[in-house]
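Residue-level structure breakdown
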Amino acid sequence: FARIEAKASRFSTDEKPNSFEEISNYNNFYEFGLDKGDPAQNAGALTVDPWSVEIGGLVERPGSYPLDDILKGVTLEERIYRLRCVEGWSMVVPWIGFELRTLLERAGVQPGARFVAFETLVRPEEMPGVRSRILDWPYREGLRIDEAMHPLTILATGLYGEEMPKQNGAPIRLVVPWKYGFKSIKSIVRISLVEKMPATSWNVQNAREYGFYSNVNPAVDHPRWSQASERRIGSGFFAPRIETQLFNGYGDQVAQLYAGQDLSVDF
Amino acid sequence: MIAQRINGALRPVPTGLVYAAGLLPLGLLVWQAATGGLGVDPVKGIEHRLGELALQFLVGGLVISPLRWWTGINLIRFRRAVGLLAFFYVCLHLAVWLALDLQFRWAEIGADIAKRPYITLGMLAFAAMIPLALTSNNGAIRRMGAAAWTRLHKLTYAVALLGALHFLLLVKAWPLEPILYMAGVVALLSMRLWRTLRRRA
């Protein structure tokens, strides 16, 4: 891996990041299997170069954007963010990336665009997990336009000063730190600006359990898991659970996005 | 006959050996936990493995009767050990959930038991196993009488179903492993039902 230069960011937490080992060996990426060790095990075959992202829908300059080209126009920053999984565990990850909004502005967002839809690569010969119909592939996610334009929302291309490990969503993935981890879609091949709220994979699979917004919220229970507290991965057998914070602790920056919304309805 | 040869070979085997063998997976688990062999999230690893072992012993206990009916291989003598091992692993599974996972946060534990169907079912299965474990000795059979004892121990069927359902409901989406356990339990219980109905006819 080539070392990536990245500027420090005021948005970084000063909490201690998880080790590279932990981050790259424990995650969900169902395209490579259901076990949290499976992505590390099976993602090796993924071809990430060449890579391009198809940007379309309500944009001024639709088209296929090669990754090199995307990276030319941006300043990479290190963003050390908390990551909270809907399953009740959490980590701290030193991502390297750039604000999504810079790419969207480059493509030119038309006034009618109200949501952004994302899709993950589907390549069965390199992704053994997509042969089973666990989810309706491709994996799809979405954000409201104000969420997408928020400075905390980044497209990440690396972590720990190196290129993104394949199992973590190489070569380019979304990171939205105030939402449950599954919103941060990996290995993105398509970004569409759209007028209507797009379908998202987990919501389609089980609408009662996974809402479109999926903001981290200890007061809104997942039907199968309490979201009141979380276990920080890597902190040892007897480390105390952590109280989960509203918006994963990013409320100061993002709470105003949801002013007037009932978060137990728009969960 | 192969079955008779197997039965003959098993006759000198003490049941203590089954208990000892049944504790080997626990030994392995402790060793893995001590040497960092359980990966990035050892608490979840231990919790799931213990639950899985409990389910495996439950299913194992259900195999013993059909095995005798269809093949003549007789493992009835070892069934108590298999059942008590299942209970033992259920207790450890529950203890790890309470102590290491939820860390005695009773408000969350209470809410989980009341609100999450898979935890409610798991607790029901645990509760139903207590009378079974307590009566898994010769004195209890004598006191209760064989008929009443047998009737009580039919509760095992419900426990196995609850256990498999507990696993099936806790996972996201529909992975294969819990479906296989459920299919196994349903198949083993269907064999019993089929045999009972056929005998009545």
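Procedures and definitions
- Residues numbered from 1 in each chain as written.
- Chains lettered and ligands numbered in written order.
- Predicted model: local features only at pLDDT ≥ 70, side-chain atom pairs only at ≥ 80, totals over all residues.
- Heavy atoms only, no water.
- Helix = DSSP H or I, 4+ residues; strand = E, 2+ residues; numbered from the N terminus.
- Rg over C-alpha atoms; globule rule 2.2 N^0.38 Å.
- Buried < 20%, exposed > 50% of the residue type's maximum accessible area, 1.4 Å probe, protein only.
- Contact = heavy atoms within 4.5 Å.
- Areas by Shrake-Rupley, 256 points an atom, 1.4 Å probe, with all protein chains shown as cover.
- Lys, Arg positive; Asp, Glu negative; His and termini not counted.
- Charge placed at Lys NZ, Arg CZ, Asp CG, Glu CD.
- UniProt positions renumbered as here; feature names shortened; annotations may be inferred.
- Axes fitted to C-alpha atoms, helices over the stretch in contact; angles between N-to-C directions.
- Parallel < 35°, antiparallel > 145°, perpendicular 65-115°, else oblique.
- Left-handed = near helix turned anticlockwise from the far one by under 90°.
- Phe/Tyr/Trp six-rings, centres within 6.5 Å; stacked < 30°, edge-to-face > 60°.
- Salt bridge = Lys/Arg side-chain N within 4 Å of Asp/Glu carboxyl O.
- Pairing = 2+ DSSP bridges.

This part covers the overall build of chain A. Across its full length, chain A carries seven helices and 13 strands. What you see for chain A is a C-alpha radius of gyration of 17 Å, in line with the 18 Å of a compact globule of 267 residues. A buried classification covers 57% of the 267 residues belonging to chain A. Across chain A, contacts joining residues at least 24 apart in sequence account for 73% of those joining residues at least 6 apart. As displayed, chain A offers around 11,000 Å² of accessible surface, 51% of which is attributable to carbon and sulfur atoms. Looking at charge distribution, chain A has the averaged site of its 30 positive side-chain charges lying 2 Å from that of its 35 negative ones.

Residue and element names in this part refer to chain B. Residues annotated by UniProt as "transmembrane region" (unreviewed entry) correspond here to residues 12-33, 53-70, 82-100, 116-134, 155-173 and 179-197. Annotated as residues 12-33, this span is 86% helix and 0% strand, and its ends, taken at the C-alpha atoms, are 35 Å apart. Between the C-alpha atoms that bound residues 53-70 there is a distance of 26 Å. The span itself is 100% helix and 0% strand.

Bringing the packing of helix α9 (residues 155-170) of chain B against helix α10 (residues 176-200) of chain B into the picture now. Residues and elements named next belong to chain B. Packing of α9 against α10 brings their axes to within 8 Å, and their N-to-C directions diverge by 160°. With respect to their mutual orientation, α9 and α10 come out roughly antiparallel. For the element pair α9 and α10, the recorded crossing hand is left-handed. Contacts between α9 and α10 involve Tyr 157, Ala 160, Leu 161, Ala 164, Leu 165, Phe 167 and Leu 168 on the former and, on the latter, Glu 177, Pro 178, Ile 179, Tyr 181, Met 182, Val 185, Val 186, Leu 189 and Arg 192.

Residues and elements named next belong to chain B. The tally for this structure, following the rule as stated, stands at 19 aromatic pairs over all chains. Seen in terms of ring centroids, Trp 70 and Trp 194 are 6.0 Å apart; in terms of plane orientation they differ by 50°. Their pairing is tilted. With Trp 70 in helix α3 (residues 42-71) and Trp 194 in helix α10, the pair connects residues that are 124 residues apart, well separated along the chain. According to the relative accessible area criterion, Trp 70 is partly exposed, its value standing at 43%. A residue is classified by how much of its surface remains accessible, and Trp 194, at 48% relative accessible area, is partly exposed.

As a further point, take the UniProt feature "domain: Ferric oxidoreductase" (unreviewed entry) in chain B. Mapped onto this numbering, the UniProt entry gives "domain: Ferric oxidoreductase" (unreviewed entry) at residues 53-163 of chain B. Spanning residues 53-163 of chain B, this segment combines 85% helix with 0% strand, and its end C-alpha atoms are found 11 Å apart.

A word on the side chain of B:Arg192. Within the fold, B:Arg192 resides in helix α10. No salt bridge is formed by the buried B:Arg192; the nearest opposite charge belongs to B:Glu177, separated by 20 Å.

Another point: the sheet that holds strand β3 (residues 63-66) of chain A. Residues and elements named next belong to chain A. One open sheet holds the five strands; their spatial order is β3-β2-β11-β6-β7, and the pairing between them is mixed. Single-partner strands in this sheet number two, and they are β3 and β7 (140-144). Each strand of the sheet is rotated relative to its neighbour by a mean of 20°, with strand direction disregarded. Judged from the four bridges that link them, strand β2 (residues 52-57) and strand β11 (residues 188-194) form a sheet pairing that is parallel.

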